[in-house]
Amino acid sequence: TDAFVFDGNKTQLEINNYGIKPRMIQQVILPGLIKKVVEHKQDHVSNDNLHILVVARIEKIKRLDLVLSVARILQSNYPSLIFHITILGDGELRNSLENQCENELLPIKFVGWTDNASMHYQEASFLLSTSDSEGTPLTFMEAASFGCPIISTNVGSVTDLIDDRKTGVLCSDNPEEIAKEVFDLWSNPGLLKEFSQNSLIKATNEFTVDKFIDKHSKLFKSLLA
C-alpha cells in the first residue's frame, strides 16, 4: 500500500500501533457533509427550558444508561433546571430503558430513527454523547453544521470534531461530572451561544464535502507525481 487515508487521528494512532504503515503517505481526512452548513438561531435557548438531544444506536457500547443517570442527577441536584431529553435511534436496549424512564417519570422521549433529524438539531440546546467508544461520528459533524454544541465523553476521534471549551465539552463517563457540565452550560446562555457560533465556524471550515474532495484530490495528485 502506497498511501493510507484515516478518518481521524485516533484511528491513525491505533492502526500505527499495530505496526501497519504505508510505504509513502498517511493522511487524516475527515468525512465531508454533503448538506450545507445552515445558520442556526438559538433564540429558543433560555433559562426556562433546556432541550438535550441524543443521537445513537441504543446498544450497550453507546451507554444510554448514563443518559438516564444524568437525568436522575439533574432532577435531584439541580431542581431549578427544567429540561427534557430526546433520543433519536433504536436498538436492543430501547424497551428496557424506555420502561425505566416511564417508571421513574424521567423527562426522556424515545423517537426512534427518523428522516427528519434536522428539525431536532435545530431545536436542541446541545447534543449529548455518553459512548464508551467512537470512531469519527458523523452525528457530531451534523450537529455542528446546525450550530449545536456537544457534550461528549472523550473517546475515539471525537477530539477531531470538538474543540474543548470552544465548540463543546469533553468529559469523563462520570454521570455526576456530565450533569454538572450540563447545568453549567445551561447557567451560562452566553457561553452556549458562543459555542454555537464556534460550531458553525468549525463545520464551515472543516466538515464540508468540498474540503473532503479537495484533500483527496491533492493526495491522489501527489501520488501520481
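To start, this report covers the structure provided alongside it. (Residues numbered from 1 in each chain as written. Predicted model: local features only at pLDDT ≥ 70, side-chain atom pairs only at ≥ 80, totals over all residues. Heavy atoms only, no water.)

What to know about the pattern of salt bridges
Within the structure shown, the criterion is met by 13 salt bridges. Measuring nitrogen to oxygen at the nearest pair gives 2.9 Å for the salt bridge that ties Asp65 to Arg63. Assessed through its relative accessible area of 33%, Asp65 is described here as partly exposed. One salt-bridge network, held together by shared partners, links Arg63, Asp65 and Asp132. (Salt bridge = Lys/Arg side-chain N within 4 Å of Asp/Glu carboxyl O. Buried < 20%, exposed > 50% of the residue type's maximum accessible area, 1.4 Å probe, protein only.)

Thoughts on the pairing of strand E4 (residues 83–88)
Of all six residues in E4, five are buried, a share of seventy percent or more. As paired strands, strand E3 (residues 50–55) and E4 are joined by six bridges and run parallel to one another. By the bridge assignment, His51 is partnered in E4 with His84. On the question of chirality, the crossover connecting E3 to the parallel E4 by way of helix H2 (residues 64–77) is right-handed. Where E4 lies against strand E5 (residues 108–112), four bridges are found, and the strand directions are parallel. Bridge pairing in E5 links Leu88 to Gly112. In the classification by handedness, the crossover that spans E4, the intervening helix H3 (residues 94–104) and the parallel E5 is right-handed. (Helix = DSSP H or I, 4+ residues; strand = E, 2+ residues; numbered from the N terminus. Pairing = 2+ DSSP bridges. Right-handed = clockwise from strand over helix to strand, strands pointing away.)

Digging into the packing of aromatic side chains
Considering all chains together, one arrives at four aromatic pairs under this definition. For the ring pair Phe4 and Phe6, a centre distance of 5.8 Å and an interplane angle of 85° mean the geometry is edge-to-face. Judged by its relative accessible area of 6%, Phe6 is buried. Between Tyr78 and Phe183, the ring centres sit 4.3 Å apart and the planes meet at 20°, which makes this aromatic pair stacked. With a gap of 105 residues between them, Tyr78 in the loop between H2 and E4 and Phe183 in helix H6 (residues 175–186) connect regions that are remote in the sequence. For the pair shown, Tyr78 and Phe183 are each scored as buried. Grouped by ring-pair contacts, the aromatic residues Tyr78, Phe183 and Trp186 constitute a single cluster. (Phe/Tyr/Trp six-rings, centres within 6.5 Å; stacked < 30°, edge-to-face > 60°.)

A word on H3
When we look at burial in H3, the residues that qualify are Arg94, Leu97 and Cys101. For H3, the arc enclosing every buried residue in end-on projection is 75°, short of the 170-degree limit, so these residues lie on one face. The exposed residues of H3 that point more than 90 degrees off its buried face are Asn95, Glu102 and Asn103. Tucked inside the fold, the buried residues of H3 contact H2 and E5. Leu105 sits one or two positions beyond H3 and adopts a positive phi of about 55°. (Arc of directions from axis to C-beta. Contact = heavy atoms within 4.5 Å.)

Some details on the packing of H2 against H3
Each pair of packed helices can be described by the angle between their axes along with the distance between the axes. Where H2 meets H3, the axes come as close as 11 Å, and the angle between the chain directions of the two elements is 10°. As far as their axial angle goes, H3 and H2 are roughly parallel. Between H2 and H3, the residues in contact are Leu64, Asp65, Leu68 and Arg72 and Leu97, Gln100, Cys101 and Glu104, respectively. (Axes fitted to C-alpha atoms, helices over the stretch in contact; angles between N-to-C directions. Parallel < 35°, antiparallel > 145°, perpendicular 65-115°, else oblique.)

Structural notes on unusual backbone geometry
Residues other than glycine seldom take positive phi values, yet Arg63 does so here, at roughly 55°. Position of Arg63 among the secondary structure elements: in the loop between E3 and H2. Unusually for a residue other than glycine, Arg165 sits at a positive phi of about 65°. For Arg165, the location among the structural elements is in the loop between strand E7 (150–153) and strand E8 (168–171). Judged by its relative accessible area of 46%, Arg165 is partly exposed.

Looking at the sheet that holds E4
Reading across from one edge, E5-E4-E3-E6-E7-E8 is the order of the six strands in this open sheet, with parallel pairing throughout. Each of the sheet's edge strands pairs with one partner strand only, and the pair in question is E5 and E8. Adjacent strand axes in the sheet meet at a mean angle of 20° when their direction is disregarded. In the sheet, strand E6 (residues 126–129) pairs with E7 via three bridges, with the strands oriented parallel.

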